[in-house]
Amino acid sequence: MMIKTNDIDIFLLNEELLSIFQELVRQFDKNKEQIHFNLINTFDNNTSLITVLDPITLENIINKKISLDNHIFIIGNISNEIKKKLDDEYVNYESIKTPINIFYLVEKCKNLIKQQNDFSSEVITYKKFKYSFHLNTIYTKDNSLYLTDKENEIFQYLIENKDNSLNKKKLLSKVWNYADGIDTHTLETHIYTLRKKIQKKLNLVDLICHEEAGYFINKNLL
């Protein structure tokens, strides 16, 4: 499912913030802006590029184990516990302090949309999925998965060498440049997590395969 590049979902339980965004939506509709702000009260699969949340809504979503794979703006302070959960789930997020500067947020949204549109032409289509290195995203017809920077580098390198198996030494050299403290266990953990996310979110089983010679992309899915 390709993300709607001009859509921003707003899901807020905070009444004061909700009233601010209701006015913002009215103004954008009135001025026929290209950005589409959607006030929503249910949260399913990500269909927008950006989601705006308050900390209470965010905590509810995390507790319900709903995936958050698009760009998340959180209006207000978040606890260290919630921040750790966000970091563990590799969510691309930014916390914006209150009182909110609505113009700052709109500019951030516009920049993200421009970036998405600029790179949309370089999305590569394969048999079972699409992939954009610049957008850190793998797409299928039903869903999309945002990758961390390291996951993205690993996946791109595997795609670029789809005709070969890459051993751990090559992957460590390419992605980490043999940085201090980085060992094969770190690589194995990243690839294990990436394979698990791809299978769970995109239903692509064994997209990344492993054999004695190393890791490689399953050509049957290309």
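Our structure's up above, just so we're on the same page.
Residues numbered from 1 in each chain as written. Predicted model: local features only at pLDDT ≥ 70, side-chain atom pairs only at ≥ 80, totals over all residues. Heavy atoms only, no water.

## Here we look at the nonpolar core
Among the nonpolar cores identified, the biggest contains 27 residues, and Phe 129, Ile 138, Phe 155, Ile 198, Leu 207 and Ile 208 are the most heavily contacted of them. Breaking this core down by element, the ones donating at least two residues are α5 (149-160), α6 (168-175), α7 (184-202) and β11 (214-217). Ignoring anything within four residues of it in the chain, the contact list for Ile 198 reads Ile 138, Leu 145, Phe 155, Asn 203, Leu 204, Leu 207 and Ile 208. Counting 24 residues, the second largest nonpolar core, distinct from the first, contains Ile 8, Ile 10, Leu 24 and Leu 105. (Core = buried A, V, L, I, M, F, W, Y, C linked by side-chain atoms within 4.5 Å. Buried < 20%, exposed > 50% of the residue type's maximum accessible area, 1.4 Å probe, protein only. Helix = DSSP H or I, 4+ residues; strand = E, 2+ residues; numbered from the N terminus. Contact = heavy atoms within 4.5 Å.)

## Notes on the packing of aromatic side chains
Counted under the stated rule, the structure contains four aromatic pairs. Measuring from ring centre to ring centre gives 4.8 Å for Tyr 131 and Phe 155, while their planes differ by 75°; the resulting arrangement is edge-to-face. Separated by 24 residues along the polypeptide, Tyr 131 in strand β7 (residues 130-132) and Phe 155 in helix α5 bring together distant segments of the chain. Residue Tyr 131 is classed as buried on the basis of its relative accessible area, which comes to 3%. By relative accessible area, Phe 155 is classed as buried at 0%. (Phe/Tyr/Trp six-rings, centres within 6.5 Å; stacked < 30°, edge-to-face > 60°.)

## Let's talk about the sheet that holds strand β8 (residues 137-139)
Sheet architecture is open: four strands sit in the order β6-β7-β8-β9, paired in antiparallel fashion. In this open sheet, the two edge strands, each paired with only one partner strand, are β6 (124-125) and β9 (144-146). By the bridge criterion, two bridges tie β6 to β7 in an arrangement that is antiparallel. Within the sheet, the bridge partner assigned to Thr 125 lies in β7 and is Lys 130. (Pairing = 2+ DSSP bridges.)

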